Amino acid sequence: MKQRFQRMVSGVLWLTSIFVLVQSSCHSNSEGANRYELKGKAVFGEKRIPFGRILLQPDTEQGNQGPAGVADIREGTFQTRKNKGHVGGPHLVTIIATDGTRPSSPDVDNSLFPPFVLSVDLPKENATHDFLVSDKAGLKGVP
């Protein structure tokens, strides 16, 4: 029952993240905004995150606007997709991570932790930034 609930919550959060990403890209007031590359490491505890995604959403509550950015995590490193980087300034960053395996059934959740959201002020230029997710935050451990 607990696994099913966790999988449902994880799915809802994943879909919400995708919805926010699509909405911000489609309805941005800054279609021609400068977008910058972001790359770095993605670590959970002391281990590289095997597989996942980083969503970079301008923080509108802090006055930032523009399209969202996205980066795929592979073996502990990430880089924004071409022309899908960030716009600089305050961002809400959502990190979604899995162990990199294909679940054996729909009831199996291979997430390393629930979607992790943090606030980051990004420079208005290409940059490197490492994301370190603590394993002491009540999150399940890396196998």
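How each quantity is defined
- Per-chain numbering applies: the sequence of each chain, read as written, is numbered from 1 onward.
- A pLDDT threshold of at least 70 governs which residues receive local features in this predicted model, and a stricter bar of 80 or more applies before side-chain atom pairs are shown or counted, although totals over entire chains, interfaces and linings include all residues.
- Think of the side-chain values as coming from all heavy atoms in the structure, minus any hydrogens and water.
- Helix and strand definitions here come from DSSP, where helices need a minimum of 4 consecutive H or I residues and strands a minimum of 2 consecutive E residues; each element is numbered from the N-terminal end.
- Here the term buried applies to any residue with accessible area under 20% of the maximum for its type, exposed to any over 50%, and partly exposed to those in between, with areas from a 1.4 Å probe on protein chains only.
- Contact criterion: two residues are considered in contact whenever any of their non-hydrogen atoms come within 4.5 Å of each other.
- Computed with the Shrake-Rupley method and a 1.4 Å probe, the accessible areas treat only the protein chains shown as cover for residues.
- A pair of Phe, Tyr and Trp rings is counted when the ring centres sit within 6.5 Å of each other, with Trp represented by its six-membered ring. The angle between the planes then sorts it: under 30 degrees is stacked, over 60 is edge-to-face, the rest tilted.
- DSSP calls a pair of strands paired once it identifies at least 2 bridges connecting them.

Under an unreviewed UniProt entry, the name given to the protein is Carboxypeptidase regulatory-like domain-containing protein, and the organism recorded is Gimesia aquarii.

(A) Highlighting the overall build of the protein. Counting its regular elements, the protein contains one helix and nine strands. Ordered by position in the sequence, the α and β elements of the protein form the string α-β-β-β-β-β-β-β-β-β. Burial analysis of the protein (143 residues in total) assigns 38% to the buried set. Considering only intrachain contacts with a sequence separation of at least 6, the fraction spanning at least 24 residues in the protein is 72%. If you sum the accessible surface of the protein, you get close to 8800 Å²; carbon and sulfur atoms cover 52% of it.

(B) Quick look at the packing of aromatic side chains. A full pass over the atoms with the stated rule returns three aromatic pairs. With a centroid separation of 6.4 Å and 80° between ring planes, the pair formed by F113 and F116 is classed as edge-to-face. Taken together, F44, F113 and F116 form an aromatic cluster joined through their ring pairs.

(C) Spotlight on unusual backbone geometry. Of note, E75 is a non-glycine position whose phi angle comes to about 50°, a positive value. When you line up the elements, E75 lands in the loop between β4 (69-74) and β5 (77-80). Using a relative accessible area of 65% as the deciding quantity, one classes E75 as exposed. The phi torsion at N83 lies on the positive side, around 60°, for a residue other than glycine. Relative to the assigned elements, N83 resides in the loop between β5 and β6 (89-98). A relative accessible area of 61% places N83 in the exposed class.

(D) Highlighting the pairing of strand β1 (residues 38-44). Counted residue by residue, β1 has five buried out of seven residues, so it is predominantly covered. With three bridges connecting them, β1 and β5 associate as antiparallel partners. The partner of K41 across the bridge, within β5, is T77. Pairing of β1 with strand β9 (residues 131-133) involves three bridges; the strand directions are parallel. Residue pairing in the sheet places A42 in a bridge with F131 of β9. For β1 and strand β2 (residues 47-48), the ladder comprises two bridges, and the chain directions are antiparallel. Each bridged residue has a counterpart across the sheet, and for F44 the counterpart in β2 is K47. Two successive antiparallel strands, β1 and β2, enclose a turn made up of two residues, where G45 displays a positive phi of approximately 70°.

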